[in-house]
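# Examination of the molecular architecture
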Amino acid sequence: MSSETSSSVTMLDDLLPEYAFHSRYTRMIAADPPTVWASLDEIPRWRLPVTGLLMGVRTLGSKRLRSGPPMLATVDGVEQVRGAVAKFWRLKPELAKIPPGPGAFVSFDEPGWAKAAMSLRLAVTEAGTEVVVETRVQPTSPDAGRRFAPYWRLIKLGGAGLIRIELLGALAWTAERRARTCNKPANA
């Protein structure tokens, strides 16, 4: 049973409580949360071939986007939230020029943009760790919502959906391998 309940407030709830677009992917991993969390930085690139291909095409070689959205908030071992304000629907997304940090993200309300936040959080279960990857997007105006909607339909199950599924699979492989290695007897 998960330690997180539907009434739990997450950092994502604090940063983007209202949203028009949403996706959520989960995966059970047979390792404890500290092992899963440590494995986030150890996933080999070769375990993410679809992600590498799609991000390379999507960013047209832009290193700024390829490094991922900026970190908005993190509680080590529990949850991290990354986010950006952009016109994602453009061939080469235009990022809003806002100061780094959660305050600027939360308060941004200029019409014509979309605020997107992605949370990765861990919950202890009897079987190990449940990893939840949740994405929320809130357009800042009706026009931005109309522009973003076709893009969202395209990426939700395609690009972004495949990236989330691949990430969870690679994280499970890395964490479970790490757990097996760390739990080997000293004479093995």
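The structure under discussion appears in the preceding block.
Remember, predicted model here, so these are calculated numbers, not experimental data.

What counts, and where the lines are drawn
- Residues numbered from 1 in each chain as written.
- Predicted model: local features only at pLDDT ≥ 70, side-chain atom pairs only at ≥ 80, totals over all residues.
- Heavy atoms only, no water.
- Core = buried A, V, L, I, M, F, W, Y, C linked by side-chain atoms within 4.5 Å.
- Buried < 20%, exposed > 50% of the residue type's maximum accessible area, 1.4 Å probe, protein only.
- Helix = DSSP H or I, 4+ residues; strand = E, 2+ residues; numbered from the N terminus.
- Contact = heavy atoms within 4.5 Å.
- Pairing = 2+ DSSP bridges.
- Polar contact = N/O pair within 3.5 Å; in protein donor to acceptor, adjacent residues only side chain to side chain.
- Axes fitted to C-alpha atoms, helices over the stretch in contact; angles between N-to-C directions.
- Parallel < 35°, antiparallel > 145°, perpendicular 65-115°, else oblique.
- Left-handed = near helix turned anticlockwise from the far one by under 90°.
- Nonpolar A, V, L, I, M, F, W, Y, C, P; charged D, E, K, R; others polar.
- Salt bridge = Lys/Arg side-chain N within 4 Å of Asp/Glu carboxyl O.

Attention now goes to the nonpolar core. I29, A31, V36, L120, L122, V131 and L171 are the most contacted members of the largest nonpolar core, which totals 18 residues. For this core, the secondary-structure elements that each account for two or more residues are β1 (21-29), α2 (33-39), β5 (114-125), β6 (128-139) and α7 (159-182). Considering each element in turn, this core owes the most residues, seven residues, to α7. Setting aside anything within four residues of it in sequence, one finds V131 in contact with Y25, T26, R27, I29, V36, L120, R121, L122, L168 and L171. By size, the runner-up hydrophobic cluster in this structure holds 16 residues, among which are A114, A116, I155 and A160.

On to the pairing of strand β2 (residues 71-75), then. In this structure, β2 lies alongside strand β3 (residues 79-87), joined through four bridges in antiparallel fashion. Paired with A73 across the two strands is V81, which belongs to β3.

Further remarks concern the side chain of T140. Of note, T140 is situated in the loop between β6 and α6 (142-157). At 2.7 Å, the side chain of T140 and the backbone oxygen of E110 are in polar contact. Once residues lying within four places of it in the same chain are set aside, the contact partners of T140 are F108, D109, E110, P111, G112, W113 and K115.

Relative to each other, α6 and α7 sit at 30°, their axes nearing to 3 Å. Relative to α7, α6 is oriented roughly parallel. Remark: the crossing between α6 and α7 carries right-handed chirality. Counting all contacts with α6, which are made through L154, I155, K156 and L157, the residues of α7 involved are G159, A160, G161 and L162. Broken down by class, the residue content of the contact of α6 with α7 amounts to five nonpolar, two polar and one charged.

Looking now at the pattern of salt bridges. Under the definition given, this model contains seven salt bridges. Close ionic contact of R136 with D13 constitutes a salt bridge, the shortest N to O distance being 2.8 Å. You can see R136 sitting in strand β6 and its partner D13 sitting in helix α1 (residues 11-15), a full 123 residues away along the chain. Relative accessible area serves as the criterion here: at 5%, R136 is assigned to the buried category. Residue class for D13 comes out partly exposed when judged on its relative accessible area of 22%.

So, about the environment of P17. Note on placement: P17 falls in the loop between α1 and β1. Considered as a pair, P17 and R136 are 119 residues apart in the sequence and their alpha carbons are 8.8 Å apart. Non-local contacts of P17, meaning those with residues more than four positions away in its chain, are made with L12 and R136.

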